[in-house]
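What follows is each chain in one-letter form.
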Amino acid sequence: MLLNLPSSSFSLIKLTSSRPPISVSPSKARTHLAKPLSSFLDHHFQRRKRFFYDKSRNPNGRRFKFKSRAISGFDFGNFESAQSVLEAAAVLTAIIVVHESGHFLAAYLQGIHVSKFAVGFGPILAKFNAKNVEYSIRAFPLGGFVGFPDNDPESDIPVDDKNLLKNRPILDRVIVISAGVIANIIFAYVIIFVQVLSIGLPVQEAFPGVLVPEVRAFSAASRGGILPGDVILEINGSQLPKSGPSAVLELVDVIKKAPKRNVVLKIERANEDLEIGVTPDENFDGTGKIGVQLSPNVKVSKVIPKNIFEAFNYTGREFFGLSSNVFDSLKQTFLNFSQTASKVSGPVAIIAVGAEVARSNIDGLYQFAAILNLNLAVINLLPLPALDGGTLALILIEAARGGRKLPSELEQRIMSSGITVVLLLGIFLLVRDTLNLDIIKDLL
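This text gives an overview of the structure that appears in the document.

1. Section: the overall build of the protein
Helix and strand counts for the protein stand at 12 helices and 11 strands. In the protein, buried positions account for 52% of the 444 residues. Restricting to contacts in the protein with at least 6 residues of sequence separation, those with at least 24 account for 73%. When the accessible surface of the protein is summed, it comes to about 20500 Å², and 61% of that surface belongs to carbon and sulfur atoms.

Here it is in structure tokens:
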């Protein structure tokens, strides 16, 4: 989450997954990750049909490995690699810098006075001055801001200077306020384009059944003879669908309803079909569990463009596909906020998820960065006080009033209330997400 003062540009990042991962047994929390995609990206990639083509079979494809969990919000996993944490933090910082650079450049190129460019908030850790602008890195990584001298009592610029942001025409101000969002949208497109050119895009193929990536020792599945890598094709004679997550849900539902009752599973193992009887153990809530991790049975291969025109075609389709899913995810969040509020996350959660993605492979990091940019762009357009959209709303009200601004005291109250809410939300998310880290849980 990012914050600024009324004369600055504000940004907020939200992550959401509208579909919670599924687990057939309770176990130590670990981030739900596919290689190359994380549980944060689950909504965006498992549910979406890839745009390239439907392939019936790809024997050379690489199998996705999923680890699933059934907890609300995010599972954060252990920060096993300092490098992956730094990579995730670098991605988040780059996105913040790009957003604020959009505001800064839009003002600078129009000759509008700018006084500050900051990454983070709070006490200054490092700074330098150039051309009457203070550039700084600050202590709290909650975002960044671009400061304008409009209401700075220490500024020696006359209050009626035509190059103060508040004195510029409506269109000039709209360009400055919306430039951060535009910068993030362009950055998301560039990230996908670079991915397409450098490593290609993953093509996901669905296959019948449900994959078993892990089997817990001494569990019902282990006693019954299920091994990691098995694919469950049928349960009690009922064939599982091929449509990814729905197959997992159907299998979990049958197992939960059969505690201490034998179920017959048809298993594919090393190109052989086997029938295995498993008696689910009874969970603390009376449901059945067999002690495995389940995931859709999918494989992923890469598609590389043959020429620059194909690269732009792939990039455009992927970009609009991701944008559509971001809009859909955010829409579901607001329509079902009471159920999805726990999925709103701050910088700690973002870096935790990003670190898991970075450890997975570079594909997921590209997509993670692109989706963060799109989330940031959409959220900032919401007409809420202290967001870019809130500032734009005030400017549009001014335009509707024939160029007459709202009373300055009213604007200050509106923006101050928004800033207070965002600050409190930021602190809450920072504390909650930090306490949800496994390394913190182990200490408590």
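2. Section: the environment of K302
Along the polypeptide, K302 turns up in strand β11 (residues 292-303). Remark: the alpha-carbon pair of K302 and P202, spanning 100 residues in sequence, is separated by 4.6 Å. Contacts of K302, omitting those with residues within four sequence positions, involve I199, G200, L201, P202 and D363.

3. Observations concerning the packing of aromatic side chains
Per the counting criterion, the structure on display carries eight aromatic pairs. Aromatic side chains F104 and F117 sit 5.7 Å apart centroid to centroid with 90 degrees between the ring planes, which places their arrangement in the edge-to-face category. With F104 in helix α2 (residues 82-108) and F117 in strand β2 (residues 116-130), the pair connects residues that are 13 residues apart, well separated along the chain. This pair shows no difference in class: F104 is buried, exactly as F117 is.

About the cut-offs
- Chains are numbered independently. Their residues run from 1 in the order of the written sequence.
- Local features are withheld for residues below a pLDDT of 70 in this predicted model, meaning they are given only at 70 or higher, and side-chain atom pairs are given and counted only at 80 or more; totals for whole chains, interfaces and linings count all residues.
- As a rule here, side-chain values come from all non-hydrogen atoms in the structure, and water together with hydrogens is ignored.
- In this text, helices come from DSSP runs of H or I with a minimum length of four residues, and strands from runs of E with a minimum of two, each type numbered from the N-terminal end.
- Relative accessibility decides the category of a residue: with a 1.4 Å probe and only protein chains considered, values under 20% of the type maximum give buried, values over 50% give exposed, and everything between is partly exposed.
- Residue contacts are defined here by distance: any two heavy atoms, one from each residue, within 4.5 Å place the two residues in contact.
- Shrake-Rupley sampling with a 1.4 Å probe provides the accessible areas, and residues are treated as covered by the protein chains on show and by no other component.
- Pairing of aromatic side chains requires ring centres within 6.5 Å, counting the rings of Phe and Tyr and the six-membered ring of Trp. Pairs whose planes differ by under 30 degrees are stacked, by over 60 edge-to-face, and all others tilted.

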